[in-house]
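Residue-level structure breakdown
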Amino acid sequence: MIDASIPLTTLEWEEWGNPNEIKYHQYMMEYSPTQTIVTGAKYPACLLTGGLHDPRVQYWEPAKFAAALRHEQDSDTSGPGT
């Protein structure tokens, strides 16, 4: 949402605020799943999906989230079978 050159981005600013302004950027980061992962927390098994042709969420975003979860979680207490 920061890049104004992406079509329809600036229209979202009316609803969510301009992320180029610090107060709105911080507000949006509170909702970012990757930014709110708690180190050592217990997370359940997750099914993360993405689409190659989804214009809203690029296909690599679920992969980045999965990598962040794996990096930050306690592998002894998280995932299937716990």
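In the block above lies the structure referred to throughout.
Residues numbered from 1 in each chain as written. Predicted model: local features only at pLDDT ≥ 70, side-chain atom pairs only at ≥ 80, totals over all residues. Heavy atoms only, no water.

**Considering the pattern of salt bridges**
Per the stated rule, a full pass over the model turns up one salt bridge. In this structure, Lys64 engages Glu61 in a salt bridge whose closest nitrogen and oxygen atoms are separated by 3.5 Å. Separated by three residues within a single helix, Lys64 and Glu61 lie in helix H3 (residues 60-72), roughly one turn from each other. On the basis of relative accessibility, which here comes to 45%, the residue Lys64 falls in the partly exposed class. (Salt bridge = Lys/Arg side-chain N within 4 Å of Asp/Glu carboxyl O. Helix = DSSP H or I, 4+ residues; strand = E, 2+ residues; numbered from the N terminus. Buried < 20%, exposed > 50% of the residue type's maximum accessible area, 1.4 Å probe, protein only.)

**What about the packing of aromatic side chains?**
In this description, a pair of aromatic rings is defined by centroid distance and the angle of the planes. In this structure the tally under the stated criterion is two aromatic pairs. Taking 5.4 Å as the distance between ring centres and 65° as the angle between the ring planes, the aromatic pair formed by Tyr27 and Tyr31 counts as edge-to-face. Aromatic pair Tyr59 and Trp60: ring centres 5.1 Å apart, planes at 80°, arrangement edge-to-face. Its relative accessible area of 45% is what places Tyr59 among the partly exposed residues. (Phe/Tyr/Trp six-rings, centres within 6.5 Å; stacked < 30°, edge-to-face > 60°.)

**Thoughts on a nonpolar patch on the surface**
On the surface, a nonpolar cluster with roughly 370 Å² of combined accessible area is contributed by Trp16, Tyr27 and Tyr31. The residue Tyr27 is located in helix H2 (residues 22-29) in this model. Residue Tyr27 is classed as partly exposed on the basis of its relative accessible area, which comes to 36%. (Patch = residues over 30% accessible without salt bridge, like charges linked within 9 Å, V, L, I, M, F, W, Y side chains within 5 Å. Areas by Shrake-Rupley, 256 points an atom, 1.4 Å probe, with all protein chains shown as cover.)

**So, the environment of Asp76**
Looking at where Asp76 falls in the secondary structure, it is placed in the segment after H3. For the pair Asp76 and Gly40, spaced 36 residues apart in sequence, the C-alpha to C-alpha distance is 9.8 Å.

**Overview of the side chain of Asn18**
Inspection of the secondary structure assignment puts Asn18 in the loop between helix H1 (9-16) and H2. At 2.8 Å, the side chain of Asn18 and the backbone nitrogen of Asn20 are in polar contact. (Polar contact = N/O pair within 3.5 Å; in protein donor to acceptor, adjacent residues only side chain to side chain.)

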